[in-house]
Amino acid sequence: MRIKVYQIDQDRDTNKVKFSDFGSLKKLQGNTDIDSSIYKNVFFGDVDCEDLDDVYTAFNTRRIPTHQGHSLSISDVVEIIDSDNERLNGKCFFCDSYGYRTVDFDTSKCEEMRGLKCVYITPHHTPLELNLKVNEYEVLKDAVQGTIEITHPFSDNAAVIGNDEAKLINMEGNRKIGSSIYAGPILIVGDNGGEYFVALTQDQADAYKDIFAQPEEISREEVESDIGFVFYGFN
């Protein structure tokens, strides 16, 4: 399931509706309209969920890579970009005291995720164009789910940031780049040779999303062979 999560920015929350249920909106702001202009996008990505209840559980029981907000709470809005349930796709849902409520929500008025433009690719999924704070080590570590490794397999200034131990800890194969197999999630960012990473240009982001648009099925054996040895299990 591919989703976006929106949470209220307290600095713009003049009516103090953050963490308030739908029934309290009229008292607090005079109407029951959801003001999308006070929200910010805090997550855009793929989650292993079948429905909205699964989404709530996921965001309250484990760390979701690239999530920039707090745990899913009352007053948050979840947009379903793509799921196996066609009835959910393209709709926005307000997280209420009990369950969710379908709402009219203008996502174009929301603040975008904060950071530099990059492309995020995970196994079995199409690429995502994200804004992430790629010059913060903890953000990179969170995105690749472990210690980071930086490689430069392209002819431009783009770098690939991946998990240094991805193949050793049995992460799934992701993409083949040149003669190498990359396992686990990867980030493509700009690298001008200086102390800090830089944003990809829009042309670069579009190009890399196109190059890696098709998810690849890479077997465990292929991943193991790319590190020169094979793991054997013992009973």
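Keep in mind that this is a model prediction, so the values were computed, not measured. Along each chain, residue indices are assigned from 1 in the same order as the chain's sequence is written. The predicted nature of this model means local features are confined to residues of pLDDT at least 70 and side-chain atom pairs, given and counted, to a pLDDT of 80 or more, with totals for whole chains, interfaces and linings taken over all residues. Each side-chain value is worked out from all heavy atoms of the structure, with water and hydrogens disregarded.

A.B. asks: I'm lost on the overall build of the chain in this one. Help?
C.D. replies: Labels follow the DSSP assignment, with helices taken as runs of H or I lasting at least four residues and strands as runs of E lasting at least two, numbered in each case from the N terminus. Per the secondary structure count, the chain includes five helices and 13 strands. Taking the principal axes of the C-alpha coordinates as reference, the chain spans close to 65 × 50 × 30 Å. Across the 235 residues of the chain, 46% fall into the buried class. A separation of at least 24 residues holds for 62% of the contacts in the chain among residues at least 6 apart in sequence. For the chain, the exposed area adds up to about 12,500 Å²; of that, 46% sits on carbon and sulfur atoms. Measuring between centres, the 23 positive side-chain charges of the chain sit 7 Å from its 42 negative side-chain charges. Partly exposed residues are those whose accessible area sits between 20% and 50% of the maximum for their type, while under 20% is buried and over 50% is exposed, using a 1.4 Å probe and protein chains only. Contacts are assigned to residue pairs with any non-hydrogen atoms lying within 4.5 Å of each other. Where accessible areas are quoted, they stem from the Shrake-Rupley method and a 1.4 Å probe; at the residue level, only the protein chains shown are allowed to cover. When charges are counted, Lys and Arg contribute as positive and Asp and Glu as negative, whereas His and the chain ends are disregarded. In this description, the location of a charge corresponds to atom NZ of lysine, CZ of arginine, CG of aspartate or CD of glutamate.

A.B. asks: Can you walk me through the side chain of Ser75 in this structure?
C.D. replies: The residue Ser75 is located in the loop between α2 (52-61) and β3 (77-82) in this model. For Ser75, a relative accessible area of 1% gives the class buried. The residues touching Ser75, leaving out its near neighbours within four places in the chain, are Ile8, Val17, Lys18, Phe19, Ser20, Tyr39, Phe94 and Cys95.

A.B. asks: Where do I start with the sheet that holds β3 in this structure?
C.D. replies: Within a sheet, neighbouring strands are paired by backbone hydrogen bonds and run either parallel or antiparallel to one another. Reading across the sheet, the five strands line up as β2-β1-β3-β4-β5 and stay open at both edges, with antiparallel pairing between neighbours. Sheet topology places β2 (39-46) and β5 (100-103) at the edges, where each strand pairs with a single neighbour. In this sheet, neighbouring strand axes are inclined to one another by 25 degrees on average, regardless of whether the strands run parallel or antiparallel. Summarising the sheet, β3 and strand β4 (residues 92-95) pair through three bridges and their orientation is antiparallel. Strand pairing is assigned whenever DSSP identifies at least 2 bridges connecting the two strands. Lines fitted to the C-alpha atoms define the axes, with helices restricted to the stretch that makes contact. Angles between their N-to-C directions range from 0 to 180 degrees.

A.B. asks: Explanation requested: the nonpolar core in the structure shown.
C.D. replies: One broad rule of soluble globular proteins: the nonpolar side chains tend to lie buried together. Buried residues of nine kinds, namely Ala, Val, Leu, Ile, Met, Phe, Trp, Tyr and Cys, make up a nonpolar core once their side-chain atoms join them within 4.5 Å. By size, the foremost hydrophobic cluster in this structure holds 17 residues, and its most contacted members are Met1, Ile3, Val47, Phe59 and Ile80. Secondary structure elements with two or more residues in this core: β1 (2-8), β2, α2 and β3. Per-element accounting of this core gives the leading share, four residues, to α2. Ignoring anything within four residues of it in the chain, the contact list for Ile3 reads Phe43, Phe44, Gly45, Val47, Val55, Phe59, Val78, Glu79, Ile80 and Ile81.

A.B. asks: How should the confidence of the model for the chain be read in this particular structure?
C.D. replies: Any region with low pLDDT has predicted coordinates that should not be read closely. For the chain, mean pLDDT is 94; residues scoring 70 or higher make up 97% of the total. Per residue, pLDDT captures the predictor's confidence, and it can take any value from 0 to 100. Segment residues 229-235 is flagged for pLDDT under 50; beyond a separation of four residues in sequence, or across chains, it makes eight contacts in the model.

A.B. asks: Hey, could you run me through the packing of aromatic side chains in this one?
C.D. replies: Aromatic rings in a pair are described by how distant their centres are and how their planes are angled relative to each other. A pair of Phe, Tyr and Trp rings is counted when the ring centres sit within 6.5 Å of each other, with Trp represented by its six-membered ring. The angle between the planes then sorts it: under 30 degrees is stacked, over 60 is edge-to-face, the rest tilted. Under the defined criterion, the tally for this structure stands at six aromatic pairs. Taken together, a centroid distance of 4.6 Å and an interplanar angle of 45 degrees make the contact between Phe154 and Tyr208 tilted. Taken together, the residues Phe154 in the loop between β8 (148-151) and β9 (158-163) and Tyr208 in helix α4 (residues 202-211) connect sequence positions 54 residues apart. Here Phe154 and Tyr208 have matching classes, each one buried. Members of the aromatic cluster, joined through ring pairs, are Tyr6, Tyr39 and Phe105. Only when the NZ atom of a Lys or the CZ atom of an Arg is both within 6 Å of the ring centre and within 35 degrees of the ring normal do we say a charge sits over the ring. Looking at Lys18, its charged tip hangs above the ring of Phe19, at a distance of 4.8 Å from the centre. Between the NZ or CZ atom of Arg101 and the centre of the ring of Phe22, over which it lies, the distance is 4.0 Å.

A.B. asks: Sorry, what's going on with a negative patch on the surface here?
C.D. replies: Patch definition: residues with relative accessible area over 30% and no salt bridge; like charges joined within 9 Å; nonpolar side chains (Val, Leu, Ile, Met, Phe, Trp, Tyr) joined within 5 Å. Salt bridge, as used here, is a side-chain nitrogen of Lys or Arg placed within 4 Å of a carboxyl oxygen of Asp or Glu. Together, Asp48, Glu50, Asp51, Asp53, Asp54, Asp82, Asp84 and Glu86 line one region of the surface with negative charge. Mapped onto the elements of the fold, Asp48 is located in the loop between β2 and α2.

A.B. asks: Quick question: what am I supposed to make of the state of the cysteines here?
C.D. replies: Here a disulfide denotes one covalent bond, and it connects the sulfur atoms of two cysteines. Two cysteine sulfur atoms form a disulfide, by the criterion used here, when they sit within 2.5 Å. Applying the stated rule across the entire model yields zero disulfides. Cys95 provides the cysteine sulfur closest to Cys49, a residue in no disulfide bond, and the two sulfurs are 13 Å apart. Relative accessible area serves as the criterion here: at 10%, Cys49 is assigned to the buried category. The thiol sulfur of Cys110 is not disulfide-bonded, and the nearest other cysteine sulfur, from Cys92, lies at 8.1 Å.

A.B. asks: Sorry if this is basic, but what is going on with the environment of Glu79 here?
C.D. replies: Relative to the helices and strands, Glu79 resides in strand β3. For Glu79, a relative accessible area of 14% corresponds to the buried category. In this structure the C-alpha to C-alpha distance between Glu79 and Ala213, which are 134 residues apart in sequence, comes to 22 Å. Contacts of Glu79, omitting those with residues within four sequence positions, involve Arg2, Ile3, Lys4, Tyr6, Lys91, Cys92 and Thr107. A 3.5 Å cut-off defines polar contacts: any pair of N or O atoms within that distance qualifies, except that in protein one atom must be a possible hydrogen donor and the other a possible acceptor, and neighbouring residues in sequence count only when both atoms are side-chain atoms. Engagement of the side chain of Glu79 in a polar contact is seen with the side chain of Tyr6, the distance being 2.7 Å.

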